[in-house]
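Listed below are the residues making up each chain.
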Amino acid sequence: MQAPQGLRSSWRVAVLVLLASVLAGCGINNIPTYDEQVKANWAQVQNQYQRRADLIPNLVETVKGYAKQEQDTLTAVVEARSRATSVQVDASTLDNPEKLKQYQEAQGQLTGALSRLMVVSERYPDLKSNQNFLALQSQLEGTENRISVARRDFILSVEKYNTEIRTFPGRLWHSLMYSDLPLRPNFEATSQDADKAPQVKF
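Residues numbered from 1 in each chain as written. Predicted model: local features only at pLDDT ≥ 70, side-chain atom pairs only at ≥ 80, totals over all residues. Heavy atoms only, no water.

- An unreviewed UniProt entry annotates the protein chain as LemA family protein originating from Pseudomonas vanderleydeniana.
- The UniProt entry for the protein chain carries the following comment under Sequence similarities (unreviewed entry): "Belongs to the LemA family."
- In its Subcellular location (unreviewed entry) section, UniProt records this for the protein chain: "Membrane". (UniProt positions renumbered as here; feature names shortened; annotations may be inferred.)

Written out as structure tokens, the structure reads:
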């Protein structure tokens with residue numbers, strides 16, 4: 001005697017629901033989820049770099065009015081900004097270590113040029129007390145902090161993603177379903193002697 005058609009159909013649905021629950025609970029979706037987090041966090045790093053690049057022209061113009069003789073420093077900042085904004089990296093090139101390094105180096109050069117500009121500003125008491133300059137300097141400092149936080153979040157998301165595809169059961173899912181997703185390179189400091197604490201001399 002055969003079971004009614006409706007009963008067989010409901011058993012199939014129950015088995016499919018059970019199978020879907022088991023698969024969903026075993027981490028099969030972790031790899032694409034973590035990959036998207038890496039991309040989103042990298043976009044946030046770029047967002048903060050763009051915010052900094054947008055502030056620089058106003059800062060340069062403010063300093064120009066007070067420190068015309070510092071033209072070399074101002075030119076270096078403008079050129080570094082131009083190089084930093086010309087190197088484009090998006091989510092599709094996140095797995096290209098050479099492109100990421102080039103981008104990070106350009107951003108590092110801009111950071112160095114901005115540091116020299118801030119040192120120059122110390123020589124001009126009128127500039128240091130200018131409200132525009134103080135506001136821009138404050139925004140720039142805030143942006144540098146945001147860049148640091150965004151890079152930290154990116155580093156953590158890359159670590160989480162790379163760990164997932166190199167450990168069980170993620171390694172299994174990676175080889176079976178997501179083999180097209182490679183290990184992601186992480187952020188590396190590009191400034192010379194970045195691992196050494198700066199010396200402060202008075």
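Focus: the overall build of the protein chain
Stage number 1. Regarding its fold elements, the protein chain presents 7 helices and 0 strands.
Stage number 2. For the protein chain, buried positions account for 33% of its 202 residues.
Stage number 3. A fraction of 77% describes how many contacts in the protein chain between residues 6 or more apart in sequence connect residues 24 or more apart.
Stage number 4. Counting every atom, the protein chain has about 12800 Å² of accessible surface; 53% of that belongs to carbon and sulfur. (Helix = DSSP H or I, 4+ residues; strand = E, 2+ residues; numbered from the N terminus. Buried < 20%, exposed > 50% of the residue type's maximum accessible area, 1.4 Å probe, protein only. Contact = heavy atoms within 4.5 Å. Areas by Shrake-Rupley, 256 points an atom, 1.4 Å probe, with all protein chains shown as cover.)

Focus: the nonpolar core
One broad trend across soluble globular proteins is that nonpolar side chains are buried collectively.
Stage number 1. Trp42, Leu59, Leu114 and Phe154 are the most contacted members of the largest nonpolar core, which has 44 residues in total.
Stage number 2. Breaking this core down by element, the ones donating at least two residues are helix H2 (30–66), helix H3 (71–86), helix H4 (97–121) and helix H6 (131–166).
Stage number 3. Examining the composition of this core, we find that 11 residues originate from one element, H2, more than from any other.
Stage number 4. Look past the residues within four positions of Leu59 in its chain and what remains in contact with it is Leu114, Leu117, Met118, Phe133, Leu136, Gln137 and Leu140. (Core = buried A, V, L, I, M, F, W, Y, C linked by side-chain atoms within 4.5 Å.)

Quick notes on the pattern of salt bridges
Stage number 1. Counted by the stated rule, this structure contains 8 salt bridges.
Stage number 2. Taking the shortest distance from any N to any O, the salt bridge between Lys39 and Glu36 comes out at 3.6 Å. Remark: Glu36 and Lys39 occur in helix H2; sequence separation between them is 3 residues, near one turn of the helix.
Stage number 3. Lys39 sits in the partly exposed class, given a relative accessible area of 25%.
Stage number 4. Of the charged contacts, one joins Glu61 and Lys64 as a salt bridge, the two residues approaching to 3.3 Å between their closest N and O atoms. You can see Glu61 and its partner Lys64 sitting in helix H2, 3 residues apart, about one turn around the helix. (Salt bridge = Lys/Arg side-chain N within 4 Å of Asp/Glu carboxyl O.)

Quick notes on H4
Stage number 1. Between its first and last C-alpha, H4 extends 36 Å over 25 residues, near the 36 Å set by a 1.5 Å rise per residue.
Stage number 2. For H4, the set of buried residues is Leu100, Tyr103, Gln104, Ala106, Gln107, Leu110, Ala113, Leu114, Leu117, Met118, Val120 and Ser121. (Expected span 1.5 Å × (residues − 1).)

Quick look at the environment of Val78
Stage number 1. Along the polypeptide, Val78 turns up in helix H3.
Stage number 2. On a C-alpha basis, the gap between Val78 and Ala53 in space is 9.6 Å, while along the polypeptide they are 25 residues apart.

Some thoughts on the packing of H4 against H6
Stage number 1. Orientation of H4 relative to H6, taken along the N-to-C sense of each, is 145 degrees, at an axis distance of 13 Å. In this structure, H4 crosses over H6, and the sense of that crossing is left-handed. Here H4 contributes Thr111, Leu114, Met118 and Ser121 to the contact with H6, which in turn contributes Phe133, Gln137, Leu140 and Glu144.
Stage number 2. Taken together, the residues that form the contact of H4 with H6 break down as 4 nonpolar, 3 polar and 1 charged. (Axes fitted to C-alpha atoms, helices over the stretch in contact; angles between N-to-C directions. Left-handed = near helix turned anticlockwise from the far one by under 90°. Nonpolar A, V, L, I, M, F, W, Y, C, P; charged D, E, K, R; others polar.)

Some details on a nonpolar patch on the surface
Stage number 1. Among the surface-exposed residues, Phe168, Leu172, Leu176 and Met177 lie close enough to one another that they form a single nonpolar patch of about 460 Å² accessible area.
Stage number 2. Here Met177 lies in the segment after helix H7 (170–176). (Patch = residues over 30% accessible without salt bridge, like charges linked within 9 Å, V, L, I, M, F, W, Y side chains within 5 Å.)

A short note on the packing of aromatic side chains
Stage number 1. With the rule as written, the count across this model stands at 3 aromatic pairs.
Stage number 2. Counting every residue linked through ring pairs, the aromatic cluster contains Trp42, Tyr49, Tyr103 and Phe154. (Phe/Tyr/Trp six-rings, centres within 6.5 Å; stacked < 30°, edge-to-face > 60°.)

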